[in-house]
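# Structural overview
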There are 2 protein chains.
Amino acid sequence: MTDPGKHNHATVTYLPDLLYTGGRFESGVGLACDSGGRIVSLTRAAGITGEIVRLNRRAVLPGMVNAHSHAFQRSLRGRTEYRTSSHDTFWTWREMMYSAATRLTPDDIRDVARMAFLEMALSGITAVGEFHYLHRTAEGEPYNDPNLLSKAVIGAAREVGIRIVLLRVAYARGGYRVEPNQRQLRFMESDAETYIRNTDALRNEVNRWDADTTWVGVAPHSIRAVPREYLRQVAEYAASMGRIPFHMHVAEQPADVKSCIEEHGQSPVEFLNHEDILTEYFTGVHAIHISEAEARLLANARATVCACPTTERNLGDGIVPAHVLFNAGVPVALGTDSQIQIDLLEDARELEYHLRLKELERTVLPPSGDYPQTALAARLFDCATINGARSIGAESGRLSPGSPADFFTVDLDDASIAGAAVADLISVVVFGLSRTAIKDVFVGGKQIVSEGRHAHQEETVTKFASLQKKLWAG
Amino acid sequence: MTDPGKHNHATVTYLPDLLYTGGRFESGVGLACDSGGRIVSLTRAAGITGEIVRLNRRAVLPGMVNAHSHAFQRSLRGRTEYRTSSHDTFWTWREMMYSAATRLTPDDIRDVARMAFLEMALSGITAVGEFHYLHRTAEGEPYNDPNLLSKAVIGAAREVGIRIVLLRVAYARGGYRVEPNQRQLRFMESDAETYIRNTDALRNEVNRWDADTTWVGVAPHSIRAVPREYLRQVAEYAASMGRIPFHMHVAEQPADVKSCIEEHGQSPVEFLNHEDILTEYFTGVHAIHISEAEARLLANARATVCACPTTERNLGDGIVPAHVLFNAGVPVALGTDSQIQIDLLEDARELEYHLRLKELERTVLPPSGDYPQTALAARLFDCATINGARSIGAESGRLSPGSPADFFTVDLDDASIAGAAVADLISVVVFGLSRTAIKDVFVGGKQIVSEGRHAHQEETVTKFASLQKKLWAG
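Here's a quick rundown of the structure. Everything numeric here is computed off the predicted structure, so don't read it as measured data.

## Comments concerning the overall build of chain A
Looking only at helices and strands, chain A features 15 helices and 17 strands. Its C-alpha atoms give chain A a radius of gyration of 22 Å, within 12% of the compact-globule value 23 Å for 474 residues. The C-alpha extent of chain A, read off along each of the three principal axes, is 70 × 50 × 45 Å. Taking all 474 residues of chain A together, the buried fraction comes to 66%. The long-range fraction of contacts in chain A, counting pairs at least 24 apart against all pairs at least 6 apart in sequence, stands at 75%. On chain A, roughly 15800 Å² of surface is accessible, and the fraction owed to carbon and sulfur atoms is 48%. The distance from the centre of the 49 positive side-chain charges to the centre of the 59 negative ones in chain A is 2 Å.

So, in structure tokens, the structure goes:
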């Protein structure tokens, strides 16, 4: 516990039954927050001064961080679960995704993003890494403001009240020796100069707003979509900017590996290592089809991997080798990606579960920490919080003095977690929580969800429903 | 639609925005129910006479059927997710399960079962097949009433208000050439005569209550736990009783297959076929480690398989070969089994998803029906409803005249399903629904869940929390 006398800026202290800090739940501990939206101290109930907000029958946990999102794909939920060819794979799904991507207006993009971010908030997510690749008109013309669509998405997150890093995507081509696809024109900034100029403009503009809630990172889409020279220039730009998040799809599909070897003579992570792309600011998204040697390269560079299991099972991508990554020391973050479900705890448990199905064993992932009985769950929860924050460059993810006051509460009497002992609660939350348990969500000390509802919920849902009707009518 | 003039017993008609019948959602259709708790007709809004209850912004779906449950295992949720040996498998988990099983009093068993059934109700489940193997004291002594514990579980379901078939388990030994395990004494009725006498007594007693909501089936635990002669006698008894459900764990673990071959010289399904156990009343639970030939034997006998993917992934059992079963024509039901999660829609989607992870393809399961875009989702939803009802001998599972009025409603504005077109809704429900969307649950026309809450929720949770404290203290 922090010495309560050490800080005196607390304007309000939240006092739940239980509070998750340091890998375990503590009872009788208050979360003292200042007016700037930061945690001042963790204080024993007896030592609390000033205003107390009691959260009875509630546990407080750090807000979750969604490190990989394509918000607009929320419009596709449930629309692609049928066979479109005799050999239906990711690549057929992608064509269906393009059908939405090419038809959304800037206002549509804001409306669908608001819907996705609202659902994130309701599920306990307080910060998102938005891997944003819609830049131009469907015909490939830049808008007057080349960042119009990026700003629509940022605006959506700000309206909902969650933090966002806009991971601005560089996309130059359909693939190595692949014919151009008209449906990708919207993503294209075919030279690095244009991409960097636009990204830098967005960065400067966003910095003038509120650097605490909104920031910008770079995201070369994939090795397939960005040629070597372009990639080098983006990496140079990122390095010159210092500590900005650098995200990239890596080895999601066997075809990604094959085409990388064909073009560069190396597997994806080897190639990125060779190009000096791997740093502590780098996040490889998916990293499913990688070797142990590649995991070691990621670990040596202190890079992060972002797994997206609910999407990866939906797309038939395969199973992230999380045991290999954990053993090598690579931090694993989590993302809701295609938004087929928005439930980061389901992603956390699948990280372990898919390996159980493969190995026919239990507790495949190596535990860590001082509390053996819940060490696995605590580690998976870290993936949804601390590792996500690391990946997107956020300060949130843990409840400790100086951190942003980003947290959510769960109802201890919810049927999905009722009866859990304090020592087991994180395990019950990670392996069993239903969204019905999530009651309050705070970002920077500001409450955005109360009793499971968001203030803008009705309007957001109504606008999204109209958009869906327009998009898919007939 | 039914001719509204044809029936005149309707006492109330529920009129939601959408109603799921015949594999699709219809709008403007009312569900007319009689005072006996049955559906009288499906009636176009204009033709409704008598009392109308409007369910605005709600869709009505048939109640789900949970075909395989061990209610008491709810007390283990989140308590077994750590490594207990260097090679941690189902069999180490089983020892931990025994630690709960051996210590529960009859009252405890009722309290934990109420908690599990309450959560089932909240998740849209209206009928359960309870595979019940706790019969005696921990020392192996029969209670004065040998069905005391069965009746505790039945009482729990009746208090919550869901239908139950008590699948009374026959358990004679730890395994073929396996030393007796003291921790199994509670399950044992070591001769078939005792088992049949007790089962028959329960059956007669239950029949005097309400055969519509409660009934009894037989459940030889597994080939491992029941020797051939015993199994034959149970099968004879079941046949003499006519149409009673006959459930059995089959090929959950590779070790189950190995020991069956060792003892009987045949794989599990071959052996059951040879013994004439497979009938249309038979359900093989799990059936993970079976061949195509075995799937054909099940299909020829018109037997059902009950998959339990949320448990099977938790226990590291493996992936149910649902594509093989579907192709052979075996109906697949679903069960929540160990209660690690109670979410039958998650089980439904995993039936497909685990195969996608294995095959690296999408839409692996063959669709059926007249609505190609949602045929896969509709088929998975049938697993959670119609096939479950078939497995446990219930009449529910579909909304049609003469069926019990067992149904649940979902809020069309819930963030998890908002914006779905009518034609896509079943797909969005199966692949994306969060429990927050489930609002009302009716069993036999009686509302047991309203706005996501059950009338006995607080008391049930409180009692369960006390039980957990007692069980796991220290």
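## Some details on the pairing of strand 12 (residues 304–307) of chain A
Residue and element names in this part refer to chain A. Along strand 12, one buried face is formed by Thr304 and Cys306 and the opposite face, lined by Val305 and Ala307, is buried too. Note that strand 11 (residues 282–286) and strand 12 share 3 bridges and pair parallel. Residue pairing across strands places Gly284 opposite Val305, the latter belonging to strand 12. Taken together, strand 11, helix 8 (residues 292–300) and strand 12 constitute a β-α-β crossover, and its handedness is right-handed. Sheet topology note: the strand 12/strand 13 (residues 332–334) ladder contains 3 bridges and is parallel. Residue pairing for strand 13: Ala307 is matched across the bridge by Leu334.

## Focus on the interface of chain A and chain B
Facing the 61 residues of chain A at the interface are 61 residues of chain B. A per-residue breakdown of the area chain A buries against chain B is headed by A:Arg313, A:Leu357 and A:Arg362, which together make up 15% of the total. At the boundary of chain A and chain B, one finds 10 salt bridges. With a closest N to O distance of 2.9 Å, A:Arg313 and B:Glu346 form a salt bridge. Our enumeration of links across chain A and chain B arrives at 26 residue pairs in polar contact (both at pLDDT 80 or more). Among the secondary structure elements, those contributing two or more residues to the side of chain A that touches chain B are helix 1 (90–101), helix 2 (106–122), helix 9 (309–315), helix 11 (344–359), helix 14 (425–432) and helix 15 (457–472) of chain A. For the side of chain A that touches chain B, the element with the most residues is helix 11 of chain A, which contributes 7 residues.

## Regarding the layout of surface pockets
Put simply, the largest pocket is a space of about 790 Å³. Lining the largest pocket are 33 residues, and of these A:Glu451, A:Gly452, B:Asp414, B:Thr436 and B:Lys439 lie nearest its centre. Looking at the lining of the largest pocket, the elements with two or more residues in it are strand 15 (438–443) and helix 15 of chain A together with strand 5 (51–62) and strand 15 (438–443) of chain B. Looking at which element gives the most residues to the lining of the largest pocket, the answer is helix 15 of chain A, with 5 residues. Grouping the constituent residues of the lining of the largest pocket by class yields 8 nonpolar, 8 polar and 17 charged.

## Some points on the pattern of salt bridges
One pass over the structure, following the stated rule, counts 68 salt bridges over all chains. Taking the shortest distance from any N to any O, the salt bridge between A:Lys463 and A:Glu459 comes out at 3.3 Å. Of this pair, A:Lys463 and A:Glu459 both sit in helix 15, separated by 4 residues, roughly a single helical turn. A:Lys463 sits in the partly exposed class, given a relative accessible area of 39%. Residue class for A:Glu459 comes out partly exposed when judged on its relative accessible area of 37%. Between B:Arg58 and B:Glu451 there is a salt bridge; the shortest N-O distance is 2.7 Å. Pair noted here: B:Arg58 is in strand 5 and B:Glu451 is in the loop between strand 16 (446–450) and strand 17 (453–454), with a separation of 393 residues, a long-range link. Because the salt bridges share partners, they merge into one network encompassing A:Arg313, A:Glu346, A:Arg349, A:Glu350, B:Arg313, B:Glu346, B:Arg349 and B:Glu350.

## Some remarks on helix 6 (residues 254–264) of chain A
Residues and elements named next belong to chain A. All buried positions along helix 6 are accounted for by Asp256, Val257, Cys260 and His264. Mapping the buried residues of helix 6 onto a view down its axis gives an arc of 95°, with all of them on the same face. Where helix 6 is buried, its residues meet helix 1, helix 5 (228–241) and helix 7 (268–274). Positioned one or two residues after helix 6, Gly265 has a phi angle of 70°, which is positive.

## Section: empty space enclosed by the protein
Which parts of space are left empty comes out when a probe the size of a water molecule is rolled across the atoms. One pass over the full model with this rule turns up 13 cavities of 30 Å³ or more. Of the pockets and cavities examined, the largest cavity occupies roughly 360 Å³. Lining the largest cavity are 28 residues, and of these A:Asp343, A:Ser434, A:Arg435, B:Asp343 and B:Ser434 lie nearest its centre. Mapped onto the lining of the largest cavity, the elements with two or more residues apiece are helix 11 of chain A together with helix 11 (344–359) of chain B. Of the pockets and cavities examined, the second largest cavity occupies roughly 290 Å³. Around the second largest cavity sit 27 residues that line it, and A:Phe90, A:His221, A:Arg224, A:His249 and A:Glu252 are the ones nearest its centre. Listed by contribution, the elements that provide at least two residues to the lining of the second largest cavity are helix 1, strand 10 (246–250) and helix 6 of chain A.

## Quick look at the pairing of strand 9 (residues 214–220) of chain A
For a regular strand, the rule is simple: side chains alternate between the two faces of the sheet. Residue and element names in this part refer to chain A. Summarising burial for strand 9: 7 of the 7 residues are buried, a large majority. Pairing geometry for strand 8 (residues 163–170) and strand 9, over 7 bridges, is parallel. Looking across to strand 9, one finds that Leu166 is bridged to Val216.

## Let's talk about the side chain of A:Thr126
Residue and element names in this part refer to chain A. Tracing the backbone through its elements, the reader meets Thr126 in strand 7 (residues 125–132). Owing to a relative accessible area of 0%, Thr126 belongs among the buried residues under this scheme. Beyond its immediate sequence surroundings of up to four residues, Thr126 is in contact with Gly63, Met64, Ile162, Arg163, Asp406, Phe407, Val441, Phe442 and Val443.

## Focus: the side chain of A:Glu361
For A:Glu361, the position within the fold is in the loop between helix 11 and helix 12 (375–384). Contact partners of A:Glu361, with chain neighbours within four places excluded, come to A:Arg356, B:Arg83, B:His87, B:Asp88 and B:Gly316.

Cut-offs used in this document
Residues numbered from 1 in each chain as written. Chains lettered and ligands numbered in written order. Predicted model: local features only at pLDDT ≥ 70, side-chain atom pairs only at ≥ 80, totals over all residues. Heavy atoms only, no water. Helix = DSSP H or I, 4+ residues; strand = E, 2+ residues; numbered from the N terminus. Rg over C-alpha atoms; globule rule 2.2 N^0.38 Å. Buried < 20%, exposed > 50% of the residue type's maximum accessible area, 1.4 Å probe, protein only. Contact = heavy atoms within 4.5 Å. Areas by Shrake-Rupley, 256 points an atom, 1.4 Å probe, with all protein chains shown as cover. Lys, Arg positive; Asp, Glu negative; His and termini not counted. Charge placed at Lys NZ, Arg CZ, Asp CG, Glu CD. Pairing = 2+ DSSP bridges. Right-handed = clockwise from strand over helix to strand, strands pointing away. Buried area = accessible area lost by both parts, 1.4 Å probe. Salt bridge = Lys/Arg side-chain N within 4 Å of Asp/Glu carboxyl O. Polar contact = N/O pair within 3.5 Å; in protein donor to acceptor, adjacent residues only side chain to side chain. 1 Å grid on protein atoms, 1.4 Å probe; cavity = no way out; pocket = protein on both sides within 12 Å on 5 of 7 lines; lining within 4 Å. Points joined across faces, edges and corners; volume = space filled by probe spheres on them. Nonpolar A, V, L, I, M, F, W, Y, C, P; charged D, E, K, R; others polar. Arc of directions from axis to C-beta.

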